[in-house]
Amino acid sequence: MIMDVITTHLGADFDAFASMLAAKKLYPEALIAFPGSPEKGLRDFFVVSALYALDITPATEIDLSKVTRLIIVDTRQRDRVGIFQEILDNPNVQVIIYDHHPPSPKDIQTNHATITKTGACTTLMTELLKEKGIPLTPDEATIMMLGIYEDTGSLSFVSTTPRDFLAAAYLLEQGASLSVVSDLLIKEMSTEQILLLHDLIRSTTHHRIHGTDVYIATASSDRYVGDMAVVVHKLRDLENYNVLFVLISMEDRVYLVARSRLEHVHVGDIARHFGGGGHPSAASATLKGMTLAEAKEALLKVLYDMIPPELVAETVMSSPPILIHEKALIKDAQTLMTRYNINGLVVVDEKEEIVGILTRQTVEKAIYHGLERNEVSQLMTTEFYSVGPKDPFEKVQRLIIGENQRLLPVIEGGKPKGIITRTDVMRIFRERVGEKVKEGALPTLSQPARQKQIRKLMEERLPAHIYEFLKKAGEIGDEMGIQVYGVGGFVRDLLLRRETFDIDIVVEGDAVAFAERLAVLTNGVSKKHRKFKTANLKLPEGFHVDIASARLEYYDRPAALPTVTHSSLKLDLFRRDFTINTLAVHLNPNSFGQLIDFFGAQEDLRERRIRVLNNLSFVEDPTRILRAIRFEQRFGFRLGKHTLNLMKHAIQSGFLDLLSGKRIFNELVLIFEEEDPVAVLRRMDELGVLRAIHPKLVINDRIINILRLVGETLAWYHLLFQRQKIDPWVVYLFALTDYTHPDVLEQVMERFKVPRKYRLKWLDERREGMIRLGQLKKKLKSGKCPPSCVYEKLSPLHINTILFMLAKADSRAVKREISAYVTEYSKVKITLKGDDLKSLGIPQGPVYQEIFQALLKLRLDGKITSREDEIAWVVKHVKDGKLKFRG
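Just so you know, these numbers come straight off a predicted model, no measurement behind them. (Residues numbered from 1 in each chain as written. Predicted model: local features only at pLDDT ≥ 70, side-chain atom pairs only at ≥ 80, totals over all residues. Heavy atoms only, no water.)

## Digging into the state of the cysteines
Test applied: Note on disulfides: each one is a pair of cysteine sulfur atoms within 2.5 Å. The cut-offs for exposure are 20% and 50% of the maximum accessible area for each residue type, with area from a 1.4 Å probe on protein chains only; residues under the lower value are buried, those over the upper are exposed, and the others partly exposed.
Across all of its chains, the model carries one disulfide by this definition. Each sulfur in the disulfide pair Cys785 and Cys789 lies 2.2 Å from the other. Judged by the torsion about the S-S bond (-90°), the Cys785/Cys789 disulfide is left-handed. The burial state of Cys785 is the same as that of Cys789; both residues are buried.

This is the structure we're talking about:
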């Protein structure tokens, strides 16, 4: 016979009870049993809230010898589960634990433990129910919300995590009543509690322990006063204490209740020293065999031992900082770094005021690219955080680790007083946790990934066939033993809620073998590029997927194409152009939909900001200048201040000159395919990019006007859903160079390395288009240009040229007729074929073409409208000698 029992810790609170309720949903056949009496607040709840009553079995009525599975929630300490401690070591009893408390020496040892770092155990249980799709009634959701709110101080304790907020939001969706939660948590104090609070207020003493303000309150009572936590909360809130310890002597023992709002004062660890436990922000313990005075003395001793000295910036910094002038050369910076064996310099101006910071990584890369004679100001980081000497270490930690800034200047009175490095912060970590923390080789690479689940977003935003394909890709990854990720623009656009069907996949393994396997199972066709460790997969639904091995790229010289080597996902993402393109989503089944953000891309998306990943990004690949502007305008973002400075220096230093014309041309084609290329071109002109590409490429009001007209014309054409394919970039290029002298236009085409045969074709086509536009205008003005005349002028031209003519036309009549040609005249066809003429007794020959041209002209001008009309006309006019035979 199988018997499952769900239990929790002694003195169960709402979090424990809510977790038990959730466990009952997971194990519906299990009995619920408290190991001892719950705390008074929970007992009172059972008395007045029969609506929420569960079938609870007294622990004393359970035959422990028949228990086969013990499910423990909200604790894992063996001395806190009452009588159930007797069966913990029974090999025939499977022990399953769900807990959120930190580890302790008294923890139960089991292979079936789910431990999470959340503010409440109920949060973990809520996540499990949501994941398994187990529904909740509004009453159940309310109880579980009580558990979260009680253990997180209504989501206000420092131990509260984002997962607690998400769990609370989910429970609210399930019908949890916040008004009921509020009524149950906000309790009126009894007369005994009010008297106790009065004594605590009068007895509170202040202690400054290693720079931290600690308050200790003491009181005595002849009889037991319940709900001490309510009294302690009231005292803390009344006086706004960040760290509060309360000692209350009742009956034959002293009760310790502790609350902390400071990260470095972990009251759970302090309570454990006295045999109790709890969270970093809330804990309790019971002290036996001590008087109140002895308990306070013992507590103070522990506090001095366990509260670390307060750290501020000036106690951590290196001083004085090594300074370098902004006009100094990169080679000078290298000399200073070598001389003083340091990894960063503070850059100052003439007034010795800080204007930037420079890292060894940037200096070494610059020298590798031959930039040792460039000024420091061209490559320094100009967007940076700083702190004052008295700023707390928590702020230093947040800026260096959280904001990923390797060097942090300490400034006093506008002058640099010291410098704090990532190494300094790691040293403090080692001292605090007693273990070595490995520092990353690069500032951005040492930052851990920020993760969140976006599976639901993927399911909502992606077409069903793409969503299922991604799931299949992850499953194949598991079969092959490799990790699979969706990366780059696909993930970026997903978070921006933009439509995207360009899927890029990165695998930590052999991309070619993976693509071959995926092609077989999806009926796709793969095209392999073994040199670049990539493959392209075309699927039956018509969309393409690019697949690559995680790789690292390095540049042998500025503007060169990259050399590719195998790497990890993190290094693969680090090689990309901008932070917003470094997002990845895990596709393997166990973590499908897990968003991975190593480099702060989510924050940049929220701030609508374009940011490069390193100071030499535009030097190594100047095409990123054009891409940055293109993304900036496409998304309505802005270039980050530092990124903009780096871009300007790269342009001024002539790095665009090093790019091949073909690479520039390819980027321009992509720009012309944007929704608003005019905005991109204006920004390029503003930053001097067009002039850097070719000095004669300029933007003025006339060019802007024709570019906008081209945009309107192309938008009109797209709305027609015509079958004839156009090349928007050709039409825009015609517009951009509309007022350019033919000789200069030839030079521009040469700069773009356009093959000569295409160059001559485009130039001739545009020239012919402008001639015919003038002729058409003249004919229409004379009133002697029926539809057949318009057709004659336009039919020899490519649709790209015709659309440019439509944009250029300054006469309504001309615009009307060109529009009519595109929508009507170009579709007019005659029905007679050569065989028809032959059947009419007309010998084959050049006259056939003359007849067809004549019939088309008549059709266009509305003089004939049917096949019968065509036959009648041919019979009549050929026999009448209007069209003469040759031979």
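## Digging into helix H8 (residues 228-239)
What counts is decided by this rule: Secondary structure elements are defined from DSSP: runs of H or I of at least 4 residues count as helices, runs of E of at least 2 residues count as strands, and each element is numbered from the N terminus. How far a helix is expected to stretch is found by multiplying one less than its residue total by 1.5 Å. The contact definition used throughout considers only heavy atoms, calling two residues in contact when any of these lie within 4.5 Å.
Taking 1.5 Å of rise per residue, the twelve residues of H8 would be expected to cover 16 Å, and the 17 Å separating its terminal C-alpha atoms lies within 8% of that figure. Of the residues making up H8, those classed as buried are Met228, Val230, Val231, Val232, Leu235 and Arg236. Buried residues along H8 sit in contact with helix H7 (191-203), strand E7 (212-221), strand E8 (243-250) and strand E9 (253-260). Just downstream of H8, Asn240 is the residue with a positive phi angle, here 55°.

## So, the environment of Leu129
Residue placement: Leu129 occurs in helix H3 (residues 121-132). Taking relative accessible area as the criterion, Leu129 reaches 0% and is therefore assigned buried. For Leu129 and Val520, which are 391 residues apart along the polypeptide, the C-alpha to C-alpha distance reads 37 Å. What Leu129 contacts, discounting residues up to four positions off in sequence, is Ala22, Lys25, Leu26, Ile134, Leu136 and Met144.

## Structural notes on H7
Spelled out, the test is: Arc definition: it is the arc formed by the directions from the helix axis to the C-beta atoms.
With 13 residues, H7 extends 19 Å from end C-alpha to end C-alpha; this agrees with the ideal 18 Å at 1.5 Å per step. Those residues of H7 not exposed but buried are Gln193, Leu196, Leu197 and Leu200. The buried side chains of H7 occupy one side of the element, clustering within an arc of 105° when seen end-on. Away from its buried face, by an angle of more than 90 degrees, H7 presents the exposed residues Thr191, Leu195 and Arg202. Considering only its buried residues, H7 is in contact with E7, H8 and E8.

## Some points on the side chain of Thr382
Positionally, Thr382 belongs in the loop between helix H14 (376-379) and helix H15 (393-402). Residue class for Thr382 comes out buried when judged on its relative accessible area of 15%. The contact partners of Thr382, leaving out residues within four places of it in the chain, are Val355, Lys641, His642 and Asn645.

## Details of the nonpolar core
For the record, the criterion: Residue types Ala, Val, Leu, Ile, Met, Phe, Trp, Tyr and Cys, when buried and joined through side-chain atoms within 4.5 Å, form a set referred to as a nonpolar core.
Leu470, Ile505 and Met684 are the most contacted members of the largest nonpolar core, which has 156 residues in total. For Ile505, the contacting residues outside a window of four places in its chain are Phe469, Leu470, Ala473, Val484, Tyr485, Phe514, Val545, Asp546, Ile547, Ala548 and Leu587. Core analysis: the second largest hydrophobic core is formed by 43 residues, Ala22, Phe34, Ile71 and Met125 among them.

## Observations concerning the sheet that holds E8
As a reminder of what qualifies: Two strands pair if DSSP finds at least two bridges between them. Axis definition: a line fitted to C-alpha atoms, limited for helices to the stretch in contact. Angles are taken between N-to-C directions and run from 0 to 180 degrees.
Strand order across the open sheet formed by six strands is E6-E7-E8-E9-E11-E10, with mixed pairing between neighbours. Every other strand in the sheet has two partners, leaving strand E6 (205-209) and strand E10 (277-278) as the edge strands with one partner each. Taken strand by strand, H7 contacts E6, E7 and E8, and its axis lies near 135° from that of E7.

## Observations regarding the pairing of E8
Within E8, eight of the eight residues are buried, which leaves the element mostly enclosed by the surrounding structure. Relative to E9, E8 runs antiparallel, the two being bridged by eight bridges. Counterpart to Leu244 in the pairing with E9 is Arg259. Hairpin connection of E8 to E9: two residues between the antiparallel strands, including Glu251 at a positive phi of 55°.

## What about unusual backbone geometry?
The phi dihedral of Leu155 falls on the positive side, at around 65°, and the residue is not glycine. When you line up the elements, Leu155 lands in the loop between helix H4 (138-151) and helix H5 (162-173). Of the residues examined, Leu155 reaches a relative accessible area of 16% and is grouped as buried.

## A closer look at the sheet that holds strand E2 (residues 31-32)
In space, the five strands of this open sheet follow the order E2-E1-E3-E4-E5, with parallel pairing throughout. The strands lining the two open edges of the sheet, one partner per strand, are E2 and strand E5 (113-115). In this sheet, E2 lies alongside strand E1 (residues 4-7) in parallel orientation, the contact comprising two bridges. Within the sheet, the bridge partner assigned to Val5 lies in E2 and is Leu31. Sheet strands touched by H3: strand E3 (69-73), strand E4 (94-99) and E5. Its angle to E4, the strand with the most contacts, is close to 110°.

## A few points about the pairing of E9
Here E9 lies mainly inside the structure; seven of its eight residues are buried. Bridging between E9 and strand E11 (residues 282-288) involves seven bridges; their strand directions are antiparallel. Each bridged residue has a counterpart across the sheet, and for Arg259 the counterpart in E11 is Ala282.

## Remarks on the packing of helix H34 (residues 799-808) against helix H35 (residues 812-823)
Test applied: Any angle from 65 to 115 degrees is called roughly perpendicular, while one under 35 is roughly parallel, one over 145 is roughly antiparallel, and all others are oblique. Less than a right angle of anticlockwise turn of the near helix away from the far helix marks a crossing as left-handed, whereas a clockwise turn marks it as right-handed. Residue classes follow a fixed rule: Ala, Val, Leu, Ile, Met, Phe, Trp, Tyr, Cys and Pro count as nonpolar, while Asp, Glu, Lys and Arg count as charged, and any other residue, Gly among them, counts as polar.
With their axes 9 Å apart at the nearest point, H34 and H35 run at an angle of 155° to one another. Viewed along their axes, H34 and H35 adopt a mutual orientation that is roughly antiparallel. Between H34 and H35 the crossing geometry is left-handed. The residues of H35 that touch H34, namely those facing Ile799, Ile802, Met805, Leu806 and Ala807, are Lys815, Ile818, Ser819, Tyr821 and Val822. Of the residues contributing to the contact of H34 with H35, the split by class is eight nonpolar, one polar and one charged.

## Comments concerning a positive patch on the surface
Threshold: Any residue with relative accessible area above 30% and no salt bridge may belong to a patch, with like charges joined within 9 Å and the nonpolar Val, Leu, Ile, Met, Phe, Trp and Tyr side chains within 5 Å. Each accessible area is a Shrake-Rupley result for a 1.4 Å probe, and residues are judged covered by the shown protein chains and nothing else. Any carboxyl oxygen of Asp or Glu that lies within 4 Å of a side-chain nitrogen of Lys or Arg is treated as forming a salt bridge with it. Charge counting treats Lys and Arg as positive and Asp and Glu as negative, with His and both chain ends excluded. To locate a charge, take atom NZ for lysine, CZ for arginine, CG for aspartate or CD for glutamate.
A contiguous patch of positive charge, built from Lys452, Arg461, Arg497 and Arg606, is present on the exposed surface. Mapping Arg606 onto the fold places it in helix H22 (residues 601-607).

## Quick notes on the packing of aromatic side chains
For clarity, the threshold we go by: Any pair of Phe, Tyr and Trp rings, taking the six-membered ring for Trp, is counted once the centres come within 6.5 Å. Such a pair is stacked with planes under 30 degrees apart, edge-to-face with planes over 60 apart, and tilted for the rest.
Enumeration according to the criterion identifies 16 aromatic pairs in this entry. Arranged with centres 6.0 Å apart and planes meeting at 15°, the rings of Phe631 and Phe635 form a pair that is stacked. Residue Phe631 and its partner Phe635 are both found in helix H24 (residues 623-635); the two are separated by four residues, about one turn of the helix. Residue classification places Phe631 among the buried residues on the basis of a relative accessible area of 7%. Here Phe635 falls in the buried class, since its relative accessible area comes to 6%. Aromatic side chains Tyr848 and Phe852 sit 6.4 Å apart centroid to centroid with 65° between the ring planes, which places their arrangement in the edge-to-face category. Note that Tyr848 and Phe852 are positioned in helix H37 (residues 847-860) at a spacing of four residues, about one turn of the helix.

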